[in-house]
Amino acid sequence: MRIPIKILSVPFVLLSLFLTSCNDDIEEPSEYKGRSTEDFQYPHVYDIVNNLRVDNEMCRAWDRMLSYVNDNSRLEIGFYIYYDKGDYWFSEWFYGPNTSYESEISPIIKYGDVENKNALCAFFHCHSPYFGVGSRGTGPSDKDKEAAQILGVPGILYDYNAESISWFFPYEDSLPMPYFFGYMRRPNRYF
């Protein structure tokens, strides 16, 4: 009985030596040297929005967006959120076009390049109040959801807590509500 076990163990040892030598040539990104995917996990979207630094940046963007809104026009503001070694930082802010409510041009943000693909953990933007004719639905748009899938990270949106909003919505009495879409946590992977 011992002979078959020894015979089977020799090919296994040779195979594992072969696999080890094949993997030795793979170079991982420098900022992740020595980390395995089990050692690192991107933060959950709830951890991201509950971080004081992230929360402050989202509130600043919301306040800035509100400063551009008036009875005639609106725009959106957003940014990428990066994470590594317990620290968050942000891209420059991206601005959508300042559009009138009757314009066929959407105020959707055109995001810039991702500075650090391995550190990208989420993206944020805010939808503006609506003073046009009719109303607009709240929450992430189809384009927002598509962006989250393309980027492979959670999307975070500040918008109002209602099914839809219009010119008579009580904006002054309402705070933004975070909406989450796409992934709840970025999957561990390298680009």
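The subject of this paragraph is the packing of aromatic side chains. According to the stated counting rule, one finds 23 aromatic pairs in the structure shown. Pairing Tyr-80 with Tyr-82 gives two aromatic rings, centres 6.4 Å apart and planes at 65°, and the pair type is edge-to-face. Owing to a relative accessible area of 0%, Tyr-82 belongs among the buried residues under this scheme. Taking 5.3 Å as the distance between ring centres and 85° as the angle between the ring planes, the aromatic pair formed by Tyr-101 and Tyr-130 counts as edge-to-face. Here the residue Tyr-101 occupies a position in the loop between strand S5 (99–100) and strand S6 (120–126), and Tyr-130 occupies one in the loop between S6 and strand S7 (135–137), the gap between them amounting to 29 residues. Exposure class is identical for Tyr-101 and Tyr-130. Each is buried. Of the aromatic side chains, those joined through ring pairs into one cluster are Trp-62, Phe-79, Phe-90, Trp-93, Tyr-101, Phe-124, Tyr-130, Phe-131, Tyr-158, Tyr-160, Phe-169 and Tyr-171.

Below, the discussion takes up the pairing of strand S8 (residues 154–159). The buried count for S8 comes to six of six residues, which makes it a mostly enclosed element. Burial along S8 is two-sided: Pro-154, Ile-156 and Tyr-158 and Gly-155, Leu-157 and Asp-159, pointing in opposite directions, are all buried. Pairing analysis gives four bridges linking S6 to S8, with the strands arranged parallel. Bridge pairing links His-125 to Leu-157 in S8. When S8 meets strand S10 (residues 177–182), the two strands line up antiparallel, connected through six bridges. Bridged to Gly-155 within S10 is Phe-181.

Our next topic: the pattern of salt bridges. By the definition in use, this model includes three salt bridges. Of the charged contacts, one joins Asp-87 and Arg-53 as a salt bridge, the two residues approaching to 3.1 Å between their closest N and O atoms. Note that Asp-87 is positioned in strand S3 (residues 87–90) and Arg-53 in helix H3 (residues 52–68), a separation of 34 residues in sequence. Look at Asp-87 and you get partly exposed, because its relative accessible area is 37%. Among the salt bridges present, the one from Glu-57 reaches Arg-60, with a minimum N-O distance of 2.7 Å. Placement of both Glu-57 and Arg-60 in helix H3 is noted, with a separation of three residues, approximately one turn of the helix. Given a relative accessible area of 12%, Glu-57 falls into the buried group. Owing to a relative accessible area of 48%, Arg-60 belongs among the partly exposed residues under this scheme.

Residue position: Arg-185 is located in the segment after S10. Classification of Arg-185 as partly exposed rests on a relative accessible area of 30%. Spatially, the C-alpha atom of Arg-185 lies 9.5 Å from that of Ile-48, the residues being 137 residues apart in sequence. The residues contacting Arg-185, other than those within four sequence positions of it, are Gln-41, Tyr-42, Pro-43, His-44 and Pro-154. A distance of 2.7 Å separates a polar side-chain atom of Arg-185 from the backbone oxygen of Tyr-42.

Rules of the game
Residues numbered from 1 in each chain as written. Predicted model: local features only at pLDDT ≥ 70, side-chain atom pairs only at ≥ 80, totals over all residues. Heavy atoms only, no water. Phe/Tyr/Trp six-rings, centres within 6.5 Å; stacked < 30°, edge-to-face > 60°. Buried < 20%, exposed > 50% of the residue type's maximum accessible area, 1.4 Å probe, protein only. Helix = DSSP H or I, 4+ residues; strand = E, 2+ residues; numbered from the N terminus. Pairing = 2+ DSSP bridges. Salt bridge = Lys/Arg side-chain N within 4 Å of Asp/Glu carboxyl O. Contact = heavy atoms within 4.5 Å. Polar contact = N/O pair within 3.5 Å; in protein donor to acceptor, adjacent residues only side chain to side chain.

Function cannot be inferred from these measures alone, as they are strictly geometric.
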